[in-house]
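# Structural overview
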Amino acid sequence: MKENNNVNNVNEQIEKEALFGVAPVLGKEKLYGFLDAVLILSGYCIATWSYTQGSYLATLVGFKQLLIGAFAGAILMLAIYQLPVILSVRYGIDIWIWLKAVFGHRGVTVMTVVIILINFPWYAVCADLFASSMGNLAALFGVTLPDFALLALRLLCVAIGTAIAYKGIGAITHTTRILVPLLLALGGLVVIVGFTKVPFDVIWNYKPDVSGYPDSIVPYIISIEANFAFVITLVGGMGEVPRLAKKENAGFWASVIGQGVSGSFFVVVGAVMAIAMQYVTGEMIDDPTLMLAALSVPALALSSLLLVAFANIGTQAVGSYIYGVMLKSSFKRADYRTLIIILALYAGLLCVWGKIVEYFGSFLTISACIYAPLAALLFTDFFFVRKQKLALRSAFGLNGYNAYNYTHGINWIGLLCVAAGVAMSLLVYNPVTGEIHCMPLFRLTPTGFSFLGTGLLYLLLSLVPPVRKYLLADRDEITV
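Described below are features of the structure shown in this document. Treat the numbers as computed from the prediction; the structure is a model and nothing was measured.

### Observations concerning the environment of valine 428
On the secondary structure map, valine 428 appears in helix α19 (residues 412–428). Its relative accessible area of 1% is what places valine 428 among the buried residues. A C-alpha to C-alpha distance of 6.2 Å links valine 428 and proline 446, two positions 18 residues apart in sequence. The contact partners of valine 428, leaving out residues within four places of it in the chain, are Glu435, Ile436, His437, Cys438, Leu441, Phe442, Pro446 and Phe449.

Here is the structure:
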């Protein structure tokens, strides 16, 4: 009987947390101060993909440029496009509720599915790196894991992370309180190992071979683009944790610091270790377990393995929760647990495919092609078009309130601006072939140009009287 009661309590909590994606969170239901929010958001972005990003940047720029670009690029982009999270805190709503005003009820469903398709592959990256770490550690002890075992490890990472998300935000909160401080300590240890096992100036004065580029400015711009793209992919889940924060400042700064500072720190850690590994072994490797094993002792590598494993699993858990709630906002009748299982199946299929890491750079920029215009529309609509005023009844689709129905449920202005933003990015740079189409605009970076161009286009269109009337049919029904 007691066990059944516990199961029922867990199910009730999961349903309550899932409901937060649909109904506004009341002040008394807010859970987080700044520290918990920053720990959860740090746990969201700290994973071994940060090492992959760091080693990727190390192929493009010197360490000093990498250090400045990683922090400055991430924090600049986050500080701008994350500003609308204040609405999530203020009104206790998911960011995707506001986006119903931008895209319409059916339009936001389309965008939700698109975002899931292009962003959830991150968790296949997580799983792949988790399995790679396990395989490399086994190799240190003379055991070579077959391909099917590595696939099983990838799927195990997805399964355990999904199981934690299945239990709701409480389990995630407790996990990140322990995990994130340990990961930060590991990051500090990795930096110490890297700088002590090779001469300091080897890392500090490191410069990659960029002779394959037509101009030395090109790899530098690509590195800034990679930093912009790396953090702007967080826009899809930017409201789910801050809406549970008690104060607007806490929600906003937790987003910027948790993702911009903690995430960038591990990107730099990855670069340090990749440079050190190139100096010691002649090969630039992004696996932290193999790095520590080669530069230190196997016992330290074994200890790091546990944290690396939990980092990937913890990220999988937070990501599954965030995107489960995001889907719940569009598919109200769907069960939260069903949604995260569907997400797990998608990540699992990508794990079976097994080539997502191989196309990491292209995947990163292609994702940003969608995220940059999405972030621009949210920012511009929130501050300049709707001016922080929303018709909540229409946003939640209550009977008789149709301000955001637009054209059969789709705001074509919003969707066309997204398409234009994608075109802007691709007209400047082809992320698959690496071909630059317009060097002057490329200097703004594809993500930066798309963000600025889409925001300006949407703002100018909103000043055209017929379009303004179409967009602002909610002015007579302002709720908040």
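### So, the environment of leucine 244
With respect to the helices and strands, the residue leucine 244 is situated in the loop between α12 (217–232) and α13 (248–281). Sequence spacing of leucine 244 and arginine 90 is 154 residues, and the spatial spacing of their C-alpha atoms is 9.8 Å.

### So, the pattern of salt bridges
A complete count under the given rule lists 6 salt bridges for this structure. Between arginine 90 and glutamate 248 there is a salt bridge, with its nearest N and O atoms 2.9 Å apart. You can see arginine 90 sitting in helix α5 (residues 85–91) and its partner glutamate 248 sitting in helix α13, a full 158 residues away along the chain. One salt-bridge network, held together by shared partners, links Asp381, Arg386, Asp474 and Arg475.

### Looking at the packing of aromatic side chains
For the structure shown, the criterion picks out 16 aromatic pairs. Look at tyrosine 321 and tyrosine 336: their rings are 6.1 Å apart centre to centre, the planes differ by 65°, and that puts the pair in the edge-to-face class. Of this pair, tyrosine 321 sits in helix α15 (residues 298–330) while tyrosine 336 sits in helix α16 (residues 336–353); the two residues are 15 residues apart in sequence, bridging distant segments of the chain. Just as tyrosine 321 is buried, tyrosine 336 falls in that class too. Relative to tyrosine 470, the ring of tyrosine 406 lies with its centre 5.3 Å away and its plane at 45°, an arrangement referred to as tilted. Taken as a pair, tyrosine 406 in the loop between α18 (392–395) and α19 and tyrosine 470 in helix α22 (residues 465–471) lie far apart in primary sequence, 64 residues in all. Of the aromatic side chains, those joined through ring pairs into one cluster are Trp98, Phe379, Phe382, Phe383, Phe384 and Phe451.

### Considerations on α13
One full turn of an α-helix is made of 3.6 residues, so residues set three or four places apart face in the same direction. Here α13 is 34 residues long and its end C-alpha atoms lie 48 Å apart, about the 50 Å a rise of 1.5 Å per residue gives. Of all 34 residues that make up α13, 24 are buried, and the element is covered over most of its length.

### As for the nonpolar core
Judged by nonpolar contacts, the single largest core of 136 residues is most densely connected at Tyr81, Phe103 and Tyr323. If we ignore the near neighbours within four places in the chain, the residues touching tyrosine 81 are Val231, Ile232, Leu234, Val235, Met238, Ala375 and Phe451. Formed by 9 residues, the second largest nonpolar core is a distinct cluster that contains Leu186, Phe266, Val269 and Ala311.

### Here we look at the environment of leucine 415
Looking at where leucine 415 falls in the secondary structure, it is placed in helix α19. Expressed as a C-alpha distance, the spacing of leucine 415 and proline 373, which sit 42 residues apart in the sequence, is 9.7 Å. Excluding residues within four positions of it along the chain, leucine 415 makes contact with Phe103, Gly107, Met111 and Ile410.

Conventions used here
Residues numbered from 1 in each chain as written. Predicted model: local features only at pLDDT ≥ 70, side-chain atom pairs only at ≥ 80, totals over all residues. Heavy atoms only, no water. Helix = DSSP H or I, 4+ residues; strand = E, 2+ residues; numbered from the N terminus. Buried < 20%, exposed > 50% of the residue type's maximum accessible area, 1.4 Å probe, protein only. Contact = heavy atoms within 4.5 Å. Salt bridge = Lys/Arg side-chain N within 4 Å of Asp/Glu carboxyl O. Phe/Tyr/Trp six-rings, centres within 6.5 Å; stacked < 30°, edge-to-face > 60°. Expected span 1.5 Å × (residues − 1). Core = buried A, V, L, I, M, F, W, Y, C linked by side-chain atoms within 4.5 Å.

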